[in-house]
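Read off the chains here:
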Amino acid sequence: MREMEEMQNRVASLFGRRLPLKKDSGDEGFTLMEWVPPVDIAEDEKEYTIKAELPGVNKEDVRVTVEGGVLTITGERKAEKEEKDKKCHRIERNYGTFVRSFMLPEGTASDKVSAEFEDGVLRVRLPKDESAKPKSIEVKIG
């Protein structure tokens, strides 16, 4: 098992991921990995939309900023407090802070970015600048 974990650490470091933290509690051990919430990014004629899954995160613990053409989503999912009479046998959910950053596409109205948080999903709307939208011009051939 240790060889598998070492190989996983090497592969993770190649991709710029933080190495897992190893915590041991007696004979049982578990590995905590860096938490990166998954996102979906979509586009239509009016805007770009980013949806980030943030289950177990409070709205107050999420921050969305736009600076220098980069949209950054930061936040924290806080670990549940340990109870004295409970012994955890497995912890697979990730806790802690996270950061996701995205370069804004050309033609995005960065001053009109909006965000809403509902049912554990953060939805960020990035409207397209009116001047960047394609326009059709009818040409009469005579």
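Residues numbered from 1 in each chain as written. Predicted model: local features only at pLDDT ≥ 70, side-chain atom pairs only at ≥ 80, totals over all residues. Heavy atoms only, no water.

(A) Quick look at the side chain of Glu47. On the secondary structure map, Glu47 appears in strand 4 (residues 47-53). Note on Glu47: relative accessible area 16%, which makes it buried. Among the polar contacts made by the side chain of Glu47, one reaches the side chain of Arg125 at a distance of 2.8 Å. Setting aside residues no more than four positions away along its own chain, Glu47 makes contact with Ala42, Arg125, Leu126, Pro127 and Lys128. (Helix = DSSP H or I, 4+ residues; strand = E, 2+ residues; numbered from the N terminus. Buried < 20%, exposed > 50% of the residue type's maximum accessible area, 1.4 Å probe, protein only. Polar contact = N/O pair within 3.5 Å; in protein donor to acceptor, adjacent residues only side chain to side chain. Contact = heavy atoms within 4.5 Å.)

(B) Fine view of the environment of Glu43. Locating Glu43 in the fold gives a position in strand 3 (residues 39-43). Note: C-alpha distance between Glu43 and Pro127 (84 residues apart in sequence) is 9.7 Å. Not counting residues within four places of it along the chain, the set of residues in contact with Glu43 comprises Tyr48 and Lys128. Within polar-contact distance, the side chain of Glu43 engages the side chain of Lys128 at 2.6 Å.

(C) Looking closely at the environment of Lys51. Looking at the secondary structure, you find Lys51 in strand 4. Sequence separation of Lys51 and Phe117 is 66 residues, and the distance between their C-alpha atoms is 9.6 Å. Once you skip the residues sitting within four places of it in the chain, Lys51 turns out to touch Pro38, Val39, Asp40, Val121, Leu122 and Arg123.

(D) Looking closely at the side chain of Arg77. Residue placement: Arg77 occurs in strand 6 (residues 70-77). Polar side-chain contacts of Arg77 include one of 2.7 Å to the backbone oxygen of Pro55. If sequence neighbours within four positions are ignored, Arg77 has contacts with Trp35, Pro55, Gly56, Val57, Asn94, Tyr95 and Gly96.

(E) Summary view of the packing of aromatic side chains. By the definition in use, this model includes one aromatic pair. With a centroid separation of 4.7 Å and 80° between ring planes, the pair formed by Trp35 and Phe98 is classed as edge-to-face. Of this pair, Trp35 sits in the loop between strand 2 (28-32) and strand 3 while Phe98 sits in strand 7 (residues 96-103), and the two are 63 residues apart along the sequence. A relative accessible area of 8% places Trp35 in the buried class. A relative accessible area of 3% means that Phe98 is categorised as buried. One residue, Arg77, lies across the ring of Trp35, its end atom 4.1 Å from the ring centre. A cation sits over an aromatic face here: Lys128 above Tyr48, 5.1 Å from the ring centre. (Phe/Tyr/Trp six-rings, centres within 6.5 Å; stacked < 30°, edge-to-face > 60°. Lys NZ or Arg CZ within 6 Å of the ring centre and 35° of its normal.)

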